Amino acid sequence: VQLAESGGGLVQAGGSLRLSCAVSGGGFSSYDMAWFRQAPGKEREFVAYISWSGGSRDYADSVKGRFTIDNGKNSLYLQMNSLEPEDTAVYYCAGRQLSGGDYRSESRYDFWGQGTQVTVSS
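First things first, this report covers the structure right here in the doc.

## Some thoughts on the overall build of the protein
Link 1 in the chain: Counting its regular elements, the protein contains 0 helices and 11 strands.
Link 2 in the chain: Going residue by residue from the N terminus, the α and β elements of the protein occur as β-β-β-β-β-β-β-β-β-β-β.
Link 3 in the chain: Relative to a compact globule of 122 residues, whose C-alpha radius of gyration would be 14 Å, the protein shows 13 Å and is just as compact.
Link 4 in the chain: Once the C-alpha set of the protein is aligned to its principal axes, its extents read approximately 40 × 25 × 25 Å.
Link 5 in the chain: Residues counted as buried form 43% of the 122 residues belonging to the protein.
Link 6 in the chain: Considering only intrachain contacts with a sequence separation of at least 6, the fraction spanning at least 24 residues in the protein is 57%.
Link 7 in the chain: In the form shown here, the protein has an accessible surface area of approximately 6,100 Å², with 45% of it arising from carbon and sulfur atoms.
Link 8 in the chain: Averaged over its 11 positive side-chain charges, the protein has a centre that lies 4 Å from the centre of its 13 negative ones.

Listed below in structure tokens is the structure:
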């Protein structure tokens with residue numbers, strides 16, 4: 001399974017970006033998926049989660065109400081609105097084959113993309 005993010009870039013505070021994650025190699029419809037991010041000098045952190053069925057979603061408190069996670073055919077998306085300089089980070093998509101456990105923990109994920117840079121200027 002391979003994951004490839006796209007859609008990152010430079011945006012002014014208050015702006016929007018839509019990240020995409022293309023999943024290849026099969027099995028996407030059975031994977032829980034998530035977005036994580038890592039800011040310079042910080043640990044990678046959970047951003048958003050969607051269950052394989054799409055019936056369950058969750059967000060970090062810092063992005064709740066501003067970001068929306070969604071999935072399509074072999075793709076994962078993250079719509080980011082009202083961006084803040086604190087959102088500057090490399091964003092990673094991740095997938096896991098087995099549900100259960102703490103979906104906010106990166107150790108629970110089997111597949112990772114290479115990341116896409118998001119920079120928000122003030």
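## Structural notes on the pattern of salt bridges
Link 1 in the chain: Going through the model one piece at a time under the given rule, you end up with 9 salt bridges.
Link 2 in the chain: Residues Asp-70 and Arg-57 are paired through a salt bridge, measuring 3.7 Å at the closest nitrogen-oxygen approach. Remark: Arg-57 occurs in strand E6 (residues 57-59) and Asp-70 occurs in strand E7 (residues 67-72); sequence separation between them is 13 residues.
Link 3 in the chain: Judged by relative accessible area, which is 39%, Arg-57 ranks as partly exposed.
Link 4 in the chain: Taking the shortest distance from any N to any O, the salt bridge between Arg-66 and Glu-84 comes out at 3.8 Å. Taken as a pair, Arg-66 in the loop between E6 and E7 and Glu-84 in the loop between strand E8 (75-80) and strand E9 (89-96) lie far apart in primary sequence, 18 residues in all.
Link 5 in the chain: Residues joined by salt bridges that share partners form a network here, namely Arg-37, Glu-45, Arg-66, Glu-84 and Asp-87.

## Looking at the side chain of Glu-5
Link 1 in the chain: Looking at the secondary structure, you find Glu-5 in strand E1 (residues 2-6).
Link 2 in the chain: Buried within the structure, Glu-5 lacks any salt-bridge partner; Arg-44 is the closest side chain of opposite charge, at an N-O distance of 7.4 Å.
Link 3 in the chain: Within the local environment of Glu-5, its side chain forms a polar contact with the backbone nitrogen of Gly-115, the two atoms lying 2.9 Å apart.
Link 4 in the chain: Apart from the residues lying within four places of it in its own chain, the contact partners of Glu-5 are Ser-20, Cys-21, Trp-35, Tyr-91, Tyr-92, Cys-93, Gly-113, Gln-114, Gly-115 and Thr-116.

## Quick word on the sheet that holds E1
Think of a sheet as strands paired side by side through backbone hydrogen bonds, with each pair either parallel or antiparallel.
Link 1 in the chain: As summarised here, the arrangement of the 4 strands in space is E1-E3-E8-E7, forming an open sheet in which the pairing is antiparallel. Both edges of this open sheet fall to E1 and E7, since each of them pairs with a single strand only. Between one strand axis and the next, the sheet turns by 15 degrees as a mean value, whatever way the strands run.
Link 2 in the chain: For E1 and strand E3 (residues 17-24), the ladder comprises 5 bridges, and the chain directions are antiparallel. Following the sheet pairing, Gln-2 is matched in E3 by Ser-24.

Each value, and the rule that gives it
- Residues numbered from 1 in each chain as written.
- Predicted model: local features only at pLDDT ≥ 70, side-chain atom pairs only at ≥ 80, totals over all residues.
- Heavy atoms only, no water.
- Helix = DSSP H or I, 4+ residues; strand = E, 2+ residues; numbered from the N terminus.
- Rg over C-alpha atoms; globule rule 2.2 N^0.38 Å.
- Buried < 20%, exposed > 50% of the residue type's maximum accessible area, 1.4 Å probe, protein only.
- Contact = heavy atoms within 4.5 Å.
- Areas by Shrake-Rupley, 256 points an atom, 1.4 Å probe, with all protein chains shown as cover.
- Lys, Arg positive; Asp, Glu negative; His and termini not counted.
- Charge placed at Lys NZ, Arg CZ, Asp CG, Glu CD.
- Salt bridge = Lys/Arg side-chain N within 4 Å of Asp/Glu carboxyl O.
- Polar contact = N/O pair within 3.5 Å; in protein donor to acceptor, adjacent residues only side chain to side chain.
- Pairing = 2+ DSSP bridges.
- Axes fitted to C-alpha atoms, helices over the stretch in contact; angles between N-to-C directions.

In short, shape yes, function no, at least from these values alone.
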